[in-house]
There are 4 protein chains.
Amino acid sequence: MANEKMEMSEVGVTLVSSEVKPPPARPPNKFERVFQPCLGELVGTTFFVFIGCVSVIENVESTGRLQPALVHGLAIAALVACMAEISGSHFNPTFTLAIYLCGGMEMNMVAPYVACQLLGGVLGAAMAKAMTLRESFTRVHGAAFAVLQPDAEIGGALFGEVAMTCLITTVLLLGAFNVKTKNPMVPFMVGCTVIFTILAGGDVSGTCMNPARAFGPAVVSNYWTHHWLYWVGPIVGGLIAAILVRLLLGDRKMRLILK
Amino acid sequence: MANEKMEMSEVGVTLVSSEVKPPPARPPNKFERVFQPCLGELVGTTFFVFIGCVSVIENVESTGRLQPALVHGLAIAALVACMAEISGSHFNPTFTLAIYLCGGMEMNMVAPYVACQLLGGVLGAAMAKAMTLRESFTRVHGAAFAVLQPDAEIGGALFGEVAMTCLITTVLLLGAFNVKTKNPMVPFMVGCTVIFTILAGGDVSGTCMNPARAFGPAVVSNYWTHHWLYWVGPIVGGLIAAILVRLLLGDRKMRLILK
Amino acid sequence: MANEKMEMSEVGVTLVSSEVKPPPARPPNKFERVFQPCLGELVGTTFFVFIGCVSVIENVESTGRLQPALVHGLAIAALVACMAEISGSHFNPTFTLAIYLCGGMEMNMVAPYVACQLLGGVLGAAMAKAMTLRESFTRVHGAAFAVLQPDAEIGGALFGEVAMTCLITTVLLLGAFNVKTKNPMVPFMVGCTVIFTILAGGDVSGTCMNPARAFGPAVVSNYWTHHWLYWVGPIVGGLIAAILVRLLLGDRKMRLILK
Amino acid sequence: MANEKMEMSEVGVTLVSSEVKPPPARPPNKFERVFQPCLGELVGTTFFVFIGCVSVIENVESTGRLQPALVHGLAIAALVACMAEISGSHFNPTFTLAIYLCGGMEMNMVAPYVACQLLGGVLGAAMAKAMTLRESFTRVHGAAFAVLQPDAEIGGALFGEVAMTCLITTVLLLGAFNVKTKNPMVPFMVGCTVIFTILAGGDVSGTCMNPARAFGPAVVSNYWTHHWLYWVGPIVGGLIAAILVRLLLGDRKMRLILK
């Protein structure tokens, strides 16, 4: 049991405490160690980007940002909860990077995970295109992210992406990887965070926080205006969160200093 | 402090309520093994279809799809949670089929379950008719599902039903039947999924995902346009999810290959 | 421990499993057995009716029934969860009656509980009056319930109150008192049910389901039109739920027949 | 029974994350006892006030109070859950005061906690200013609280702040500190309470309940009209809640009288 736990925490693919499962009769085979986690990321990201894009394409004005915010957040809660034991439920290159930096996964899984997430983003956006009317799809560039404000205000949008991603990554790292603060409700905590960050900041930058969510519809609708912002903002925000946890907020095992 | 914690863990708060129950003194009798589960499906589906139909009949335009989405999703969460130990809380022929294919129930209960669900759908829709004004009821065909888009776009609606049902059935199978990924919050995970799929896709196909929910109001208001779509879409989506879990995402016990 | 449990289930005032608490050093004194539970009902019902009435008085039209539905439901979830171990968190004469009929409390506590709930309803409605502008208060009769439909349709409103109260009482009895289906998430299950029943049926009868919630503002604003409906509907609905659980859906201990 | 429970507790799913943690090898050092809790309050309050202010600055009229209510409440739920083991997740001088009065923290930490909360409020409001357009920011005084009603009605606003803060502090004290009613879902219970109090009373006084949330934007936008109200109301409400719990609702350990 202790061995099993150690192994799991090194592979770092669990969001929910692994302690409730009986030990497997045999060690996991290569499919279970390598391919199934990648497949989990691919399927989860595909579903997440599909449903997120549909919610933006089919949005109605009278409800403000409520519909896309609830859709993205509740989708994260449900998908993270049901795939946590398969892949760790990252579905986001920024999360994969921050989790790696906090010792939550092995280096050789980082690139395959990010590749699966980006591929899932493209597949999900293509599924959204297949389901919706051409006019609705085109009107919002297939749900690709767009800065809604004048060019002079691009700084605010970038600041928003950095701050929001820093917030959500801090919630994820403390709720799922820092032993002292681990919480089995973490899928719902991260889902709540997606809801409130989109509700608050959705009209500034769209509150992307996830390059895979930005990349998929950008490819499918070939819309690249300000696309760099949805890579730079989330990655910088995720890095700040990882530093914050590694240096100051983490427990003795997570913290690199002040032990 | 350490002492206090130890003491707490002996009487720890568990989310899985079934684990805290003492073993039954006698094996369950025939009523408990056969009739009570069917009755649970009948009562649960009746309440679910009743409240779902009322939410559509009484919907107001200014809140988009928020009211029906929240009603259907929260009703599933509450009803699934309180009847799970009685019938397994399917309330949906597609779920019954997928659960059977994943080894979650015996074959001789499939037909009685589906019959009770369809009967519950009709009873629920009739209750909704008894409660609401005739004009409101007629305006939306008693909350029967309708494809809101031009005939040329019927493919998009079908694709939506298949994809959404595949998503929700995957969440259900992983959260409730796959041992490795089982989660005591599964009633709320499935409820969340109902909310976000209706919020996202409700204006394309209505996001039915459940033939019993479609069948009840169709009978009561005798409205059958495109009714086939709400059988074919959900069943195909449920089958894809069962295959996905059985071949690729399931644990060693669930998976048929790659062991 | 076994003794303690029996005692608790006879007093029957807990919504959340009593099994998680260490046994008290001494038996509870009279204040804890009699006065504190009544006080819990008084404080809880006061807060609930206060916040519920404010939500109706301060409602805005553009969000349909979302604001009052969420306020009543989330208030029930939070208040039930934090007072369950004090009074059982009924806050509703219908619940007290149904719980008594299902063996969940002693007969001599029924009348004091109902009295505290009605007094709490009046106090809560008076607090709502103290907080809000006179015009807003008067416009909605201090949030007293009103049938919004023509007199010919009073049957629909009565049917709605009966059906909705039957639904929520079934969720409560199965989630909190039927051992086989008990669930620690029951405060949130009942809260969800309040949300979805108000969202669905709020424009027919107001979805009261609670005579104490109806009685308080009726006294404070002296508005008694159709007031009988908010006693008859909930009580009949609660009785049907108690019969359903006692005869058919309950476990072997709860069920009176077919053992 | 006792054996079974013991066995279960070895693999039991626990909601209280602290119970699954092994005891620390060494006692916590000074950084962990003093500086890290203060840092947790600073970071948590900064994030909370930042996101709360952005939600008010970016609010749209058609959704009533839904967006700010959900943002403040879900932010509290997620941040309280992930920082509870670091600082106790007060993020509010009123909570710190009430918790101290109920024996939940040491006196020498009260002043540092309040200082960190106020500093976090200012930092959060400054971050909100950096992210949003100047016009939007100025229009709502940087999300500083404002009494929306005529001066003659200031009593209603004050009453509202007192009553709402009393309600939320009661939920917090019963859910997190009173042993008999402790509940691992308390972050979500308090989050729900934030949502429903803002939804109900947001147009009377803004439903602040937190001097740090009021102080930050007041400093950044230099807006001090009626600012005293957002200190007096919450503090009086918190004191009433502490008295209620200490004298009447608390368990034998918490209660000062009637033992």
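These numbers were taken from a predicted model, which means no experiment stands behind them. (Residues numbered from 1 in each chain as written. Chains lettered and ligands numbered in written order. Predicted model: local features only at pLDDT ≥ 70, side-chain atom pairs only at ≥ 80, totals over all residues. Heavy atoms only, no water.)

> A description of the relation of the copies chain C and chain B should follow, citing residues and the corresponding values.
Under the fitted operation, chain C is carried onto chain B by 0.0 Å of movement along the axis and a turn of 90°, and the coordinates agree to an RMSD of 0.0 Å. Expressed as a symmetry operation, the mapping of one chain copy onto the other fits a four-fold axis. When the interface residues of chain C are mapped onto chain B, a mere 12% of them again lie at the interface, so each copy presents a different face. (Least-squares fit on C-alpha atoms with pLDDT ≥ 70 in both. Contact = heavy atoms within 4.5 Å.)

> Lay out the packing of aromatic side chains with the relevant residues and their values.
Within the structure shown, the criterion is met by 12 aromatic pairs over all chains. Ring geometry for Phe 145 of chain C against Tyr 230 of chain C: centres 5.2 Å apart, planes inclined by 35°, an arrangement best described as tilted. Residue Phe 145 of chain C is found in the loop between helix H6 (134–139) and helix H7 (154–176), and its partner Tyr 230 of chain C is found in helix H10 (residues 229–249); the two are separated by 85 residues along the sequence. Among the aromatic residues, ring-to-ring pairing joins Phe 215, Trp 224 and Trp 231 of chain A into one connected group. (Phe/Tyr/Trp six-rings, centres within 6.5 Å; stacked < 30°, edge-to-face > 60°. Helix = DSSP H or I, 4+ residues; strand = E, 2+ residues; numbered from the N terminus.)

> Describe in detail the interface of chain C and chain B, supporting the description with residues and values.
Counting from both sides, the interface comprises 49 residues of chain C and, opposite them, 48 residues of chain B. Both faces considered, chain C and chain B share a buried interface measuring about 4,300 Å² in area, 70% of it formed by carbon and sulfur atoms. Counting the contacts that link chain C with chain B gives 10 residue pairs in polar contact (both at pLDDT 80 or more). Counting only elements with at least two residues in the side of chain C that touches chain B, the list comes to H7, helix H8 (186–201) and H10 of chain C. (Buried area = accessible area lost by both parts, 1.4 Å probe. Polar contact = N/O pair within 3.5 Å; in protein donor to acceptor, adjacent residues only side chain to side chain.)

> Got a sec to walk through H7 of chain C? Specific residues and values, please.
Compared with an ideal rise of 1.5 Å per residue, which puts 23 residues at 33 Å, H7 of chain C spans 33 Å between its outermost C-alpha atoms and is within 8% of the ideal. Across the 23 residues that make up H7 of chain C, a large majority, 19, are buried. (Expected span 1.5 Å × (residues − 1). Buried < 20%, exposed > 50% of the residue type's maximum accessible area, 1.4 Å probe, protein only.)

> For a nonpolar patch on the surface, give the residues involved together with the corresponding values.
Residues and elements named next belong to chain A. On the surface, Leu 97, Leu 101, Ile 235, Leu 239, Ile 243, Leu 247, Leu 256, Ile 257 and Leu 258 cluster together into a nonpolar patch covering about 680 Å² of accessible area. Elements represented by at least two residues in the nonpolar patch include exactly helix H4 (93–101) and helix H10 (229–249). Broken down by element, the nonpolar patch gets its largest block of residues, 4 residues, from H10. Considering the arrangement of structural elements, one finds Leu 258 in the segment after H10. (Patch = residues over 30% accessible without salt bridge, like charges linked within 9 Å, V, L, I, M, F, W, Y side chains within 5 Å. Areas by Shrake-Rupley, 256 points an atom, 1.4 Å probe, with all protein chains shown as cover. Salt bridge = Lys/Arg side-chain N within 4 Å of Asp/Glu carboxyl O.)

> Tell me about the environment of Ile 195 of chain D, and please be specific about residues and values.
Residues and elements named next belong to chain D. In this structure, Ile 195 sits in helix H8 (residues 186–201). A residue is classified by how much of its surface remains accessible, and Ile 195, at 5% relative accessible area, is buried. For the pair Ile 195 and Thr 207, spaced 12 residues apart in sequence, the C-alpha separation works out to 10.0 Å.

> I'd like a rundown of the relation of the copies chain D and chain A, residues and numbers included.
One copy of the chain maps onto the other through a rotation about an axis plus a displacement along that axis. The two copies are related by a screw motion: chain D maps onto chain A through a turn of 90° and a shift of 0.0 Å along the axis, at an RMSD of 0.0 Å. Little of the interface of chain D is mirrored in chain A, where only 13% of its interface residues are also at the interface.

> Please set out the UniProt feature "transmembrane region" (unreviewed entry) in chain A residue by residue, giving values where relevant.
All names here are of chain A. In the numbering used here, UniProt assigns the feature "transmembrane region" (unreviewed entry) to residues 38–57, 69–88, 109–128, 154–177, 184–202 and 228–249. Across residues 69–88 one finds 95% helix and 0% strand; the C-alpha atoms that close the span lie 23 Å apart. With 95% helix and 0% strand, residues 228–249 has its two end C-alpha atoms placed 30 Å apart. (UniProt positions renumbered as here; feature names shortened; annotations may be inferred.)

> Residue-level account of H8 of chain D, with values.
In this model H8 of chain D runs 22 Å from its N-terminal to its C-terminal C-alpha over 16 residues, within 8% of the 22 Å that 1.5 Å per residue would give. With 16 of 16 residues buried, H8 of chain D lies mostly within the body of the structure.

> I'd love a proper account of the packing of helix H2 (residues 30–57) of chain B against H7 of chain C, names of residues and values included.
Two elements in contact, H2 of chain B and H7 of chain C, have axes separated by 11 Å at closest approach and are oriented at 130°. With respect to H7 of chain C, the element H2 of chain B is oriented oblique. Relative to H7 of chain C, the crossing made by H2 of chain B is left-handed. Here H2 of chain B contributes Phe 47, Phe 50 and Ile 51 of chain B to the contact with H7 of chain C, which in turn contributes Phe 159, Ala 163, Met 164, Cys 166, Leu 167 and Thr 170 of chain C. A breakdown of the residues in the contact of H2 of chain B with H7 of chain C according to their chemical character gives 8 nonpolar, 1 polar and no charged. (Axes fitted to C-alpha atoms, helices over the stretch in contact; angles between N-to-C directions. Parallel < 35°, antiparallel > 145°, perpendicular 65-115°, else oblique. Left-handed = near helix turned anticlockwise from the far one by under 90°. Nonpolar A, V, L, I, M, F, W, Y, C, P; charged D, E, K, R; others polar.)

> A description of the interface of chain D and chain A should follow, citing residues and the corresponding values.
On the chain A side, the residues contacting the 47 residues of chain D number 48 residues. Both faces combined, the contact of chain D with chain A buries some 4,100 Å², and carbon together with sulfur accounts for 70% of it. When the buried surface of chain D facing chain A is broken down by residue, Phe 47, Cys 82 and Met 131 of chain D rank first, second and third, together holding 14% of it. Where chain D meets chain A, there are 2 salt bridges. Linking chain D with chain A are 10 residue pairs in polar contact (both at pLDDT 80 or more). The set of elements that each furnish at least two residues to the side of chain D that touches chain A consists of helix H2 (30–57), helix H3 (66–87) and helix H5 (110–131) of chain D. At 13 residues, the largest contribution of residues to the side of chain D that touches chain A is made by H3 of chain D. For the side of chain D that touches chain A, the residue count by class is 31 nonpolar, 11 polar and 5 charged.

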